[in-house]
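If you want the building blocks of each chain, they are given just below.
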Amino acid sequence: MSRAVLITGATGKQGGAVIKALLKANADFEILALTRDAQSASAQRLLKQSPKIKLVTGNLDATENIFSKAKEVTKAPIWGVFSVQAAIGGGANSRTEEVQGKALIDSSLSHGVKHLVYSSVDRGGARSDSDPTDIPHFISKHNVEQYLYEKTRGGQMGWTVLRPVAFFENLVPGFMGKVFATSWKINLKKDRKLQLIATSDIGFFAAQALLRPDEYRGQKISLAGDELTYEQFTAIFKQKTGETMPTTFEFVTGIINSMVKELGYMFKWFDRVGYGADIQALRQINPDMKDFATWLEKESQFKTR
């Protein structure tokens, strides 16, 4: 393996999916998996997946330190980077997300990275380039994208921008899954469809961009695997699990939507504008893109029948 790729969010949903996709493709890369704690159970599970994986301890508040640590565990040049930042939870917010995203671009450029794959968000299909929206963590991603384009205008580093829609993984057993489903129910009109994606399919496209950089260089790709009304969403859930969609009190969800501005703004935008990925075109590239029913059966935490 003559080249290495640095995967941020390695123990999270997206970074973990990228690593799985690279391993499935038998990619000729040394995989540098960034983790805050190399001794954590999730990091150790990751390490056991393949001898190609090496753990790099660090955090995105100190991107130069990440590259220094990476060079301690590999002699191979760091050729590629998968960039994803948290915007919610664990002290993260849209401001920290933007600072981290821009810093990783700067460090990637200064350390000679040849291709960076940035996981952003779809902001209405063709509108994504020009419309940041009014959602703070959509705005921060838009700003990181613009920074990437400006910093690489002279061709210093290749890039691919992935723009996933809402994750199927938002639907989990427990209270947070109920809040997601109920927020959809109370905010979107009955005939309004919401696009969704499996994080494993984000991993597929990120891996492809790293494996085929000439083909994916300069591409901005909105990603979705299904598009459903709330009624269709609940009907498929009932069909596959035999259970009704888990929801919570609408007034409780309304209060949460008001208190957590990110959530409230986002669901109002889903109804007012909505995502705009071209699912049919994506299936031509990856016929195995998961719809909701397939995700429930293969990857969800729900028991299907």
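An account of the accompanying structure is given in this report. (Residues numbered from 1 in each chain as written. Predicted model: local features only at pLDDT ≥ 70, side-chain atom pairs only at ≥ 80, totals over all residues. Heavy atoms only, no water.)

A few points about the overall build of the protein chain
Working step 1: Secondary structure assignment for the protein chain yields 13 helices and 10 strands.
Working step 2: Its C-alpha atoms give the protein chain a radius of gyration of 19 Å, near enough to 19 Å, the size a compact globule of 305 residues would have.
Working step 3: Taken along the three principal axes of its C-alpha coordinates, the protein chain extends 55 × 40 × 40 Å.
Working step 4: Across the 305 residues of the protein chain, 54% fall into the buried class.
Working step 5: Taking as baseline every contact in the protein chain between residues at least 6 positions apart, the subset at least 24 positions apart corresponds to 75%.
Working step 6: Here the protein chain has roughly 14,000 Å² of accessible surface; of this, 50% comes from carbon and sulfur atoms. (Helix = DSSP H or I, 4+ residues; strand = E, 2+ residues; numbered from the N terminus. Rg over C-alpha atoms; globule rule 2.2 N^0.38 Å. Buried < 20%, exposed > 50% of the residue type's maximum accessible area, 1.4 Å probe, protein only. Contact = heavy atoms within 4.5 Å. Areas by Shrake-Rupley, 256 points an atom, 1.4 Å probe, with all protein chains shown as cover.)

Details of the nonpolar core
Working step 1: Counting residues in each nonpolar core, the largest one holds 70 residues, and the members touching the most others are Ile 7, Leu 22, Trp 184, Phe 233, Phe 270, Tyr 275 and Phe 292.
Working step 2: At 6 residues, helix H7 (residues 199-211) tops the list of elements feeding residues into this core.
Working step 3: In this structure, Leu 32, Leu 60, Ile 78 and Val 144 belong to the second largest nonpolar core, which totals 23 residues. (Core = buried A, V, L, I, M, F, W, Y, C linked by side-chain atoms within 4.5 Å.)

Considering the packing of aromatic side chains
Working step 1: Under the counting rule described, the total for this entry stands at 21 aromatic pairs.
Working step 2: Measuring from centroid to centroid gives 5.0 Å for Phe 237 and Phe 302, while their planes differ by 90°, and the two rings are edge-to-face. Of this pair, Phe 237 sits in helix H9 (residues 230-241) while Phe 302 sits in the segment after helix H13 (292-298), placing them 65 residues apart in sequence. Phe 302 shares its class with Phe 237; the two are buried.
Working step 3: Members of the aromatic cluster, joined through ring pairs, are Phe 138, Phe 168, Phe 180, Trp 184, Tyr 230, Phe 233, Phe 267, Trp 269, Phe 270, Tyr 275, Phe 292 and Trp 295.
Working step 4: Above the plane of the ring of Tyr 149 lies Lys 220, whose end atom (NZ or CZ) is 4.6 Å from the centre. (Phe/Tyr/Trp six-rings, centres within 6.5 Å; stacked < 30°, edge-to-face > 60°. Lys NZ or Arg CZ within 6 Å of the ring centre and 35° of its normal.)

Details of the layout of surface pockets
Working step 1: What the second largest pocket holds in volume is close to 890 Å³.
Working step 2: The wall of the second largest pocket is formed by 35 residues, among which Ala 17, Lys 20, Thr 199, Ser 200 and Glu 299 lie closest to the centre.
Working step 3: Going through the elements one at a time, helix H1 (13-24), helix H2 (41-47), H7 and H13 are the ones with two or more residues in the lining of the second largest pocket.
Working step 4: Among the elements that take part in the lining of the second largest pocket, H7 stands out by supplying 7 residues, more than any other. (1 Å grid on protein atoms, 1.4 Å probe; cavity = no way out; pocket = protein on both sides within 12 Å on 5 of 7 lines; lining within 4 Å. Points joined across faces, edges and corners; volume = space filled by probe spheres on them.)

Brief notes about the pairing of strand S4 (residues 78-83)
Working step 1: S4 sits mainly inside the fold: 6 of its 6 residues count as buried.
Working step 2: As defined by bridge partners, strand S1 (residues 4-7) adjoins S4 across 4 bridges and the pair is classed as parallel. By the bridge assignment for S4, Leu 6 is matched with Val 81.
Working step 3: Chirality of the crossover, the property in question, places the unit of S4, helix H4 (residues 94-110) and strand S5 (residues 115-119) among those that are right-handed. (Pairing = 2+ DSSP bridges. Right-handed = clockwise from strand over helix to strand, strands pointing away.)

Some thoughts on the packing of helix H10 (residues 250-259) against helix H11 (residues 261-272)
Working step 1: Remark: H10 packs on H11, axes separated minimally by 5 Å, with the N-to-C direction vectors making an angle of 105°. As judged from the angle between their axes, H10 and H11 are roughly perpendicular. Contacts between H10 and H11 involve Ile 256, Asn 257, Ser 258 and Met 259 from the first element and Lys 261, Leu 263, Gly 264 and Phe 267 from the second.
Working step 2: Among the residues forming the contact of H10 with H11, the class breakdown is 4 nonpolar, 3 polar and 1 charged. (Axes fitted to C-alpha atoms, helices over the stretch in contact; angles between N-to-C directions. Parallel < 35°, antiparallel > 145°, perpendicular 65-115°, else oblique. Nonpolar A, V, L, I, M, F, W, Y, C, P; charged D, E, K, R; others polar.)

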